[in-house]
Amino acid sequence: MVTATSSRFPARTLAGVIPVVAAAIAAAGCQSESPAASQSDEPAGPVPAVHLLAARQAPAGWRLLTLPDGKAVLAYPPAMHRIEGDRGTVSAVRVSSSGGYVLYLNATPRQSKESLSDWPDFRIDHLTDEDASTARLLAASHGVRFLGGTGNCVIDTYVTKIKAHHYTELACFVQGKTGSSVIIAAALSADWKSDSAMLMRAVAAYRVR
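The rules behind each value
Residues numbered from 1 in each chain as written. Predicted model: local features only at pLDDT ≥ 70, side-chain atom pairs only at ≥ 80, totals over all residues. Heavy atoms only, no water. Salt bridge = Lys/Arg side-chain N within 4 Å of Asp/Glu carboxyl O. Buried < 20%, exposed > 50% of the residue type's maximum accessible area, 1.4 Å probe, protein only. Helix = DSSP H or I, 4+ residues; strand = E, 2+ residues; numbered from the N terminus. Pairing = 2+ DSSP bridges. Expected span 1.5 Å × (residues − 1). Contact = heavy atoms within 4.5 Å. Axes fitted to C-alpha atoms, helices over the stretch in contact; angles between N-to-C directions.

## Observations concerning the pattern of salt bridges
Moving on, step 1. On inspection of all chains with the given rule, the structure shows three salt bridges.
Moving on, step 2. Of the charged contacts, one joins R82 and E84 as a salt bridge, the two residues approaching to 3.9 Å between their closest N and O atoms.
Moving on, step 3. The exposure class of E84 is exposed, given its relative accessible area of 62%.

## Focus: the pairing of strand 9 (residues 180-187)
Moving on, step 1. Strand 9 sits mainly inside the fold: eight of its eight residues count as buried.
Moving on, step 2. Because side chains alternate across strand 9, one face comprises the buried residues S180, V182, I184 and A186, and the other comprises S181, I183, A185 and A187, equally buried.
Moving on, step 3. In the sheet, strand 8 (residues 166-175) pairs with strand 9 via six bridges, with the strands oriented antiparallel. Bridge pairing links V174 to S181 in strand 9.
Moving on, step 4. Hairpin connection between strand 8 and strand 9: a loop of four residues separates the two successive antiparallel strands.

## Some words on helix 2 (residues 192-204)
Moving on, step 1. Spanning 13 residues, helix 2 covers 17 Å between terminal C-alpha atoms, matching the ideal 18 Å at 1.5 Å per step.
Moving on, step 2. Of the residues making up helix 2, those classed as buried are W192, D195, S196, L199, M200, R201, A202, V203 and A204.
Moving on, step 3. Of the surrounding secondary structure, the elements contacted by the buried residues of helix 2 are strand 2 (72-76), strand 4 (90-95), strand 5 (101-109), strand 6 (132-146), strand 8 and strand 9.

## Section: the sheet that holds strand 6
Moving on, step 1. The strand order across the open sheet built from seven strands is 3-4-5-9-8-7-6, with neighbouring strands paired in antiparallel fashion. Strands at the two margins of the open sheet, each flanked by one partner only, are strand 3 (81-83) and strand 6. Each neighbouring strand pair of the sheet contributes to a mean axis angle of 20°, computed without reference to strand direction.
Moving on, step 2. Across the sheet, helix 1 (residues 119-129) lies against strand 6, strand 7 (149-160), strand 8 and strand 9, angled at about 150° from strand 6, the strand it touches most.
Moving on, step 3. Docked against the sheet, helix 2 engages strand 4, strand 5, strand 6, strand 8 and strand 9, running at close to 170° with respect to strand 9.

## Points about the pairing of strand 4
Moving on, step 1. Examined bridge by bridge, strand 3 and strand 4 share three bridges and lie antiparallel to one another. Bridge pairing in strand 4 links H81 to V93.
Moving on, step 2. Two successive antiparallel strands, strand 3 and strand 4, enclose a turn made up of six residues, where G88 displays a positive phi of approximately 95°.
Moving on, step 3. The pairing of strand 4 with strand 5 spans six bridges and is classified as antiparallel. When the bridges of strand 5 are listed, V93 appears paired with Y104.
Moving on, step 4. The hairpin turn running from strand 4 into strand 5, its antiparallel successor, is five residues long, and G99 in that turn takes a positive phi close to 95°.

## Here's the deal with the environment of G149
Moving on, step 1. As for its placement among the helices and strands, G149 is situated in strand 7.
Moving on, step 2. Residues G149 and G179 lie 30 residues apart in sequence; the distance between their C-alpha atoms is 9.7 Å.
Moving on, step 3. Among all residues touching G149, those that are not within four sequence positions of it are V144, Q175, G176 and V208.

Next up, the structure:
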């Protein structure tokens, strides 16, 4: 997508790697949602409302990754570990016994023409420009509070061009006082019920400066 955490795993998606699902948004202040996705596209479990994404400090014991430009800090739980990626980005993952990624968090500085005003359209357009054969917006929320700033978030679903993997992601564009960045949170759809709360917690702890 916009950048890559490595030559194998794009930073803002895990296209072509594993089917993923992320925590979601939809509540007061949201745009109207698209029609319900097909069974293969839907997250395995209820979608948390946006009011559950309340900015707060990371739990004790969580680790912190600061963007190289110093303008944002990504928190991740002990169940995940850091991976190296493209210059300027930070990422953390949890890997299955077979070596596949089952949890994914990434933060990337603003790379292109992303903005708070056009984030929903930008995200969907970007997906289809890059790795997605189809992409569809499920919900969008504006004015989400983050530690040190405000963001706009989308939940979208898409199908990768390679191997036709189905993904759902939570993608937030967050504006701080000194810069803007994007945070992505994703997990295997089969693990949605058990992992979505932790992913939401990580996004809620995202700090911008």
